[in-house]
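Results of the structural survey
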Amino acid sequence: MDIDIPNRVISTGKIDSQNQSNLKLLNARENTGASGTNTSENKDVKQSQQDVTQQLENSVSQLNELVQSVHRDLHFSIDEFSGDTVIQVLDTKTEEVIRQIPSEEVLAMARNIETMKGVLFSAE
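The present account deals with the structure reproduced in this document. Because the structure is predicted, anything quoted here is derived from the model rather than measured.

Quick look at the overall build of the protein
Summing up its helical and strand segments, the protein has three helices and five strands in all. Counting helices and strands in the order they occur from the N terminus, the protein gives β-β-α-α-β-β-β-α. Burial analysis of the protein (124 residues in total) assigns 13% to the buried set. Within the protein, residue pairs in contact and separated by at least 24 positions form 24% of the contacts whose partners lie at least 6 positions apart. With an accessible surface of roughly 9900 Å², the protein has 53% of that area assigned to carbon and sulfur atoms.

With respect to the pairing of strand E5 (residues 97-101)
Pairing of strand E4 (residues 85-91) with E5 involves four bridges; the strand directions are antiparallel. Residue Gln 88 lies in a different strand from E5, and its bridge partner there is Gln 100.

What about the pattern of salt bridges?
Using the criterion set out here, one finds two salt bridges in the structure. Between Asp 79 and Arg 111 there is a salt bridge; the shortest N-O distance is 2.9 Å. Of this pair, Asp 79 sits in the loop between strand E3 (72-78) and E4 while Arg 111 sits in helix H3 (residues 104-123), placing them 32 residues apart in sequence. According to the relative accessible area criterion, Asp 79 is buried, its value standing at 10%. For Lys 117, the salt bridge is made with Glu 114, and the minimal N-O distance between the two is 3.4 Å. With Lys 117 and Glu 114 both in helix H3 and three residues apart, this pair spans about one turn of that helix. Judged by relative accessible area, which is 38%, Lys 117 ranks as partly exposed. A residue is classified by how much of its surface remains accessible, and Glu 114, at 41% relative accessible area, is partly exposed.

Some points on a nonpolar patch on the surface
A cluster of nonpolar residues, Val 106, Met 109 and Ile 113, forms a patch on the protein surface that exposes about 270 Å² of accessible area. Within the secondary structure, Ile 113 is located in helix H3. The class of Ile 113 is partly exposed, set by a relative accessible area of 47%.

Parameters and conventions
- Residues numbered from 1 in each chain as written.
- Predicted model: local features only at pLDDT ≥ 70, side-chain atom pairs only at ≥ 80, totals over all residues.
- Heavy atoms only, no water.
- Helix = DSSP H or I, 4+ residues; strand = E, 2+ residues; numbered from the N terminus.
- Buried < 20%, exposed > 50% of the residue type's maximum accessible area, 1.4 Å probe, protein only.
- Contact = heavy atoms within 4.5 Å.
- Areas by Shrake-Rupley, 256 points an atom, 1.4 Å probe, with all protein chains shown as cover.
- Pairing = 2+ DSSP bridges.
- Salt bridge = Lys/Arg side-chain N within 4 Å of Asp/Glu carboxyl O.
- Patch = residues over 30% accessible without salt bridge, like charges linked within 9 Å, V, L, I, M, F, W, Y side chains within 5 Å.

Written as structure tokens, this is what we have:
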């Protein structure tokens, strides 16, 4: 999934071919247990790590900017009955719930199922 920002595209799930080859190089170094005697290869590995880290930091920064620009806030809570985590997306200006995961309907259905389980098992 890609996130479009004017003049930018943030890839949230795919790694480009350059980063993929950098990661393969890093993984190969870890798997072979290279002792690090070749300094030019160590420099390449360190540079690759720095490039990947810098790209990750840039992506996170852009995502934070995007979230701030849409005026949304996340609120995490625990449902008292089920103990499940509830995530709400709120409008920062009106504090209106835009989306809730799981929805109120799903939470109510879970409560009803738990109640029915008690009735069904006590009848037997």
